[in-house]
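Below are the chains, spelled out letter by letter.
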Amino acid sequence: MEALHSFLRHSPTMAYLAMMAPRLVELHRVLKPTGSLYLHCDPTASHYLRTLLDGIFGNKNFINEISWKRTTTKSDFRQGAKNWPRIRDVIHQYAKDASELATFNQPFGAYSEEYIDAKYHLKDPDGRRYMLDNLTAPGAGSRGHPQYEILGVTRYWRYGKERMQKLIEEGRVVQPRPGAVPRYKRYLDEVKGIAIGDTWEDISAINSQAQERLGFPTQKPQALLERIINASSNPGDVVLDPFCGCGTTIHAAHKLDRQWTGIDITYLAINLIKRRLKDAFGEEIEFQEKGQPTDFAGAKQLAENDKFQFQHWALSLIGARPLKEGEGKGADRGVDGLLYYYETERKDLLNRVKEDAPALRKDAAYREKIIVQVKGGGVGRNDVATLLGDVNNQKAAGGVLITLEKPSKQMRTEAADTGRYTSKLWHDKDYPRIQILTVEGLLNGNERIDAPPQLNPFAMTARESTAREKQAEML
């Protein structure tokens, strides 16, 4: 780190490396002797991180540098760019101890039609494709392979006489013509495909139309994490992602029947992951959650430590999502989150909500919104008036004020005096236009939001089946 600082100085890159270094030290500490670490980065920092990893793991424990083609060639040159289009990311793989690395399950890719036509052009009468492969041993006997005669040809062979005789009896040894070197009959349906190397071009990045897209800026495709997890672990093994973001790693780990731990510093990420796991594996999925406030004292401490994280956490208590950049423009800056629900008289909407919620979520004509404000400090009568003003300005159905401190009786009276709104879709029921909820009441279950059933605050994840569930279905 001192050497890097000598030329990087107080740059953003140096700040990033200073953040990563102690975390990589801790990851090395907790990694099993038989385990692997994969670090995903872009080429602007990969060489610095490689130096750090060599210093922590030792360069003898470097396994691979994987190049992932994450996008197609860009047309940056049309905007005057003077560089080769940047289309790849880097994934470093290190072992705790390369000599003890226990697991590597080689992944394979499918052969192209051109390759099959060129290499497996021979066919049995039943149409089964095959090729004639080499039976001679590499190294001309220097590796200890046996030398003997078969079908009139003496060579160093890959197999001993007994195994070779068995292959001949099975019809797996073919002599193209008298005196020619015998060949091995290798069937296409017996081979696994092309072994995947350290250049991955068959996994596309998540585009704007991808079904798995959750809107998280650094979201990785699930296929990428499934490849890594399948290659370097087995069912029942433990997978740790210390920067889990929107949860792609733990989603893939759960799907592949691994144990997992995910860590993230933001409550927005944690709440997104919880929703993602329940969407994918059902509300009954069980996992332990640590670090979130579970009582009023913890909530108060979070508010004192980090107002922004307290706000995200408080929004999650009622299933609201944080305000996105650009939303509510021109309205009061105190608007922190939004809730949406459907409101229309179309009779088929309920079924469409279940079947096509992501598509409908984009259609504002079918939904209404509820504005949410979070107060981690003192509250007063003016907060009710401010929230009502924002509700009117944004043409929202109603507003919710979540408070850490207990509101006064007068505040509750003024909220009640703002009136109610009616939902025709939800059985002509009416709801309070402004309501005040306390953190303490939400935590202990004494209070809950009074509003029509809300939409999932995040993009929905497709339902998955774990490896265990798939096996049960087969049985």
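As shown above, the structure is provided for reference.
In what follows, the accompanying structure is described. Since the structure is predicted, the reported quantities are computational estimates derived from the model, not experimental observations.

## Details of the packing of aromatic side chains
1) Next: Enumeration over the complete set of coordinates arrives at eleven aromatic pairs.
2) Next: Look at Phe7 and Tyr48: their rings are 6.4 Å apart centre to centre, the planes differ by 40 degrees, and that puts the pair in the tilted class. A residue pair is termed long-range when its members are at least 10 positions apart, and Phe7 in helix H1 (residues 2–8) and Tyr48 in helix H3 (residues 46–57) qualify at 41 residues.
3) Next: By relative accessible area, which is 17% here, Tyr48 ends up buried.

## Let's talk about the sheet that holds strand S12 (residues 199–200)
Across a sheet, strands are paired by hydrogen bonds formed along the backbone, either parallel or antiparallel in direction.
1) Next: Taken together, four strands build an open sheet; the order of strands is S1-S3-S2-S12 and the sheet is mixed. The open sheet has two edge strands, strand S1 (36–41) and S12, and neither has a second partner.
2) Next: Direction of pairing for S1 relative to strand S3 (residues 88–95): antiparallel, over a ladder of six bridges. Along S3, the bridge assignment pairs His40 with Ile91.
3) Next: Set on the sheet, helix H6 (residues 222–232) makes contact with S1, strand S2 (62–69), S3 and S12; between it and S1 the angle comes to about 160 degrees.

## Some remarks on the environment of Asn382
1) Next: Turning to its location among the elements, Asn382 is positioned in helix H12 (residues 381–393).
2) Next: Taking the C-alpha atoms as reference points, Asn382 and Ile168, 214 residues apart in sequence, are found 92 Å from one another.

## Some points on helix H9 (residues 296–305)
1) Next: Taken together, the buried positions of H9 are Ala299, Leu302 and Ala303. Along the long axis of H9, the arc covered by the buried residues comes to 100 degrees, so they all point the same way. In this structure, H9 carries Ala297, Glu304 and Asn305 as exposed residues pointing more than 90 degrees from its buried face.
2) Next: Along its buried surface, H9 packs onto helix H8 (267–281), helix H10 (307–316) and helix H14 (439–444).

## Notes on the side chain of Asp241
1) Next: Within the fold, Asp241 resides in strand S13 (residues 238–241).
2) Next: Lys220 is the oppositely charged side chain nearest to the buried, salt-bridge-free Asp241, at an N-O distance of 8.6 Å.
3) Next: Side chain to side chain, Asp241 and Thr249 meet in a polar contact 2.8 Å long.
4) Next: Once residues within four sequence positions are removed from consideration, Asp241 is found in contact with Thr249, Thr261, Gly262 and Ile263.

## Here we look at H3
1) Next: End to end, H3 covers 16 Å across twelve residues, agreeing with the expected 16 Å (1.5 Å per residue, within 8%).
2) Next: Against the buried residues of H3 lie H1, helix H2 (12–30), S1 and S3.

## Let's talk about the nonpolar core
1) Next: In this structure, Phe310, Trp313, Ile318, Val372, Val400 and Ile402 are the most contacted members of the largest nonpolar core, which totals 44 residues.
2) Next: Considering each element in turn, this core owes the most residues, five residues, to strand S16 (residues 337–342).
3) Next: Excluding residues within four positions of it along the chain, Ile402 makes contact with Ala314, Ile318, Val372, Gln373, Val374, Lys375, Leu437, Val439 and Leu442.
4) Next: Core analysis: the second largest hydrophobic core is formed by 20 residues, Leu8, Met20, Leu39 and Leu52 among them.

Conventions adopted
- Throughout this document, residue positions are counted from 1 along each chain, in the order its sequence is written.
- pLDDT decides what is reported in this predicted model: residues at 70 or higher carry local features, side-chain atom pairs at 80 or more are listed and counted, and totals for whole chains, interfaces and linings draw on all residues regardless.
- Only hydrogens and water are removed before side-chain values are computed, so all heavy atoms of the structure are retained for them.
- For this analysis, a ring pair means two rings from Phe, Tyr or Trp (six-membered ring only for Trp) whose centres lie within 6.5 Å, classed as stacked if their planes differ by under 30 degrees, edge-to-face if by over 60, and tilted for the remaining angles.
- To qualify as a helix, a DSSP run of H or I must reach at least 4 residues; to qualify as a strand, a run of E must reach at least 2; elements of each kind are numbered from the N terminus.
- Burial classes follow relative accessibility: with a 1.4 Å probe on protein chains only, a residue under 20% of its type's maximum area counts as buried, one over 50% as exposed, and anything between as partly exposed.
- A pair of strands is considered paired only if DSSP assigns at least 2 bridges between the two.
- The contact rule is simple, with two residues in contact once any of their heavy atoms fall within 4.5 Å.
- As a rule, the C-alpha atoms of each element are fitted with a line to give its axis, helices using only the stretch in contact, and angles between N-to-C directions run from 0 to 180 degrees.
- The arc in question is traced by the directions running from the helix axis to the C-beta atoms.
- In this charge count, Lys and Arg are treated as positive and Asp and Glu as negative; neither His nor the chain ends contribute.
- Salt bridges are defined as contacts in which a side-chain nitrogen from Lys or Arg sits within 4 Å of a carboxyl oxygen from Asp or Glu.
- Whenever a nitrogen or oxygen atom comes within 3.5 Å of another N or O atom, the pair is scored as a polar contact, on the condition that within protein one atom can donate a hydrogen and the other can accept it, and that pairs from neighbouring residues in sequence are kept only if both atoms are in side chains.
- To estimate the expected span of a helix, count its residues, drop one, and scale the result by 1.5 Å.
- Take the buried residues of types Ala, Val, Leu, Ile, Met, Phe, Trp, Tyr and Cys, join any two whose side-chain atoms come within 4.5 Å, and each joined set is a nonpolar core.

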